[in-house]
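# Examination of the molecular architecture
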Amino acid sequence: MDIILASQSPRRKELLGRMGIPEFKIISPNVDETVADGLPPAETVEELSLLKARAAGKRAGPRDLVIAADTVVALDGAVLGKPRDGAEAFAMLSSLAGREHHVYTGVTVLRGEQAVTEHEETAVTFRAADPEELRGYIATGEPMDKAGAYGIQGLGALLVEGIRGDYCNVMGLPVFRLGRILAQFGIEPLRGLEP
């Protein structure tokens, strides 16, 4: 049995390794990430993580375990994806400044036809920031490949006043929730990897 991470995200790779799963394969799923208009953020990330897991599962063996995730940032219920350019990153960060938003990650574990999909939600509060600070942050390039235009594990942490919930979820992989799902498949890193 192989464990497969259906993601190229360096943060997800790092977090999965920190969970005591030192060896896993990477399969980058190619999926259309279009979802129905008006779908709530929690349902959006669950649907996308399941799509990614199924796409990667087509290239996996019957006993292999596929882990897939999808993360979005939502402000007042509106989803903020990855910024297309610096202007969009500035608009996103400006809208988050001095306010609370929510980070949702859907996570799916799949083996053959069996799939378990759940989501985690974490509340994040940004401090007020002036436009010059935001432009300086954007100039580092860090915001450009991240939902909501920031990375809490990097310089973006300087904008975060506080969080309620799973910190790892904000990085893109809800470790606690994933651990509970993996246990349903007989994988418990604190007891050893094999069922």
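These notes cover the structure that comes with them. Here, residues in each chain are numbered from 1, in the same order as that chain's written sequence. Totals for whole chains, interfaces and linings use every residue, but because this is a predicted model, local features are given only for residues with pLDDT of at least 70 and side-chain atom pairs only at 80 or more, for both listing and counting. Processing note: side-chain calculations cover all non-hydrogen atoms of the structure and skip hydrogens and water entirely.

It is worth spelling out the overall build of the protein chain at this point. Numbering of helices and strands runs from the N terminus, with a helix taken as a DSSP run of H or I at least four residues long and a strand as a DSSP run of E at least two residues long. Along the protein chain, the regular secondary structure elements total six helices and seven strands. Listing each helix as α and each strand as β along the protein chain from the N terminus yields β-α-β-α-β-β-α-β-β-α-β-α-α. Restricting the calculation to C-alpha atoms gives the radius of gyration, and the globule rule supplies 2.2 Å times the number of residues raised to the power 0.38. Against the compact-globule benchmark of 16 Å for 195 residues, the protein chain has a radius of gyration of 17 Å, which places it among compact chains. By principal-axis analysis of the C-alpha atoms, the protein chain measures approximately 50 × 35 × 25 Å. For the exposure calls, accessible area comes from a 1.4 Å probe over protein chains only, and a residue counts as buried if that area is under 20% of its type's maximum, exposed if over 50%, partly exposed in between. Per-residue burial over the protein chain gives 46% buried out of 195 residues. It only takes one pair of heavy atoms within 4.5 Å for two residues to be counted as in contact. Taking contacts inside the protein chain between residues at least 6 apart in sequence as the whole, the part at least 24 apart equals 66%. For the protein chain, the exposed area adds up to about 9,500 Å²; of that, 50% sits on carbon and sulfur atoms. Here the positive residues are Lys and Arg and the negative ones are Asp and Glu; neither His nor the chain ends is included. Charge positions are represented by NZ for Lys, CZ for Arg, CG for Asp and CD for Glu. If you average the places of the 21 positive and of the 28 negative side-chain charges in the protein chain, the two averages end up 5 Å apart. Areas reported here follow the Shrake-Rupley algorithm with a probe of radius 1.4 Å; residue values treat only the protein chains shown as occluding.

Peptide bonds are, in most cases, trans, and in most cases residues other than glycine have a negative phi. Phi at Asp76 takes a positive value of approximately 55°, unusual for a residue other than glycine. Inspection of the secondary structure puts Asp76 in the loop between strand S3 (65-75) and strand S4 (78-80). Its relative accessible area of 64% is what places Asp76 among the exposed residues. Backbone geometry at Ala149 places phi at a positive 70°, although glycine is not the residue there.

This part covers the pairing of strand S5 (residues 100-111). Within S5, 10 of the 12 residues are buried, which leaves it mostly tucked inside the rest of the structure. Between any two strands, pairing holds if DSSP finds at least two bridges. In this structure, S3 lies alongside S5, joined through nine bridges in antiparallel fashion. When the bridges of S5 are listed, Val72 appears paired with Tyr104. Two elements, S5 and strand S6 (residues 114-126), share 12 bridges in a ladder whose sense is antiparallel. Along S6, the bridge assignment pairs Val103 with Thr122. Counted between consecutive antiparallel strands, the loop separating S5 from S6 contains two residues, among which Gly112 sits at a positive phi close to 60°.

Our focus in this paragraph is helix H6 (residues 175-184). Those residues of H6 that sit buried are Leu178, Gly179, Ile181 and Leu182. The arc that holds the buried residues of H6, viewed along the axis, is 165°, so those residues lie on one side. Where H6 is buried, its residues meet helix H1 (10-18), S3, S5 and S6. Following H6 by one or two positions, Gly186 has its phi on the positive side, about 85°. Directions drawn from the helix axis to the C-beta atoms are what define this arc.

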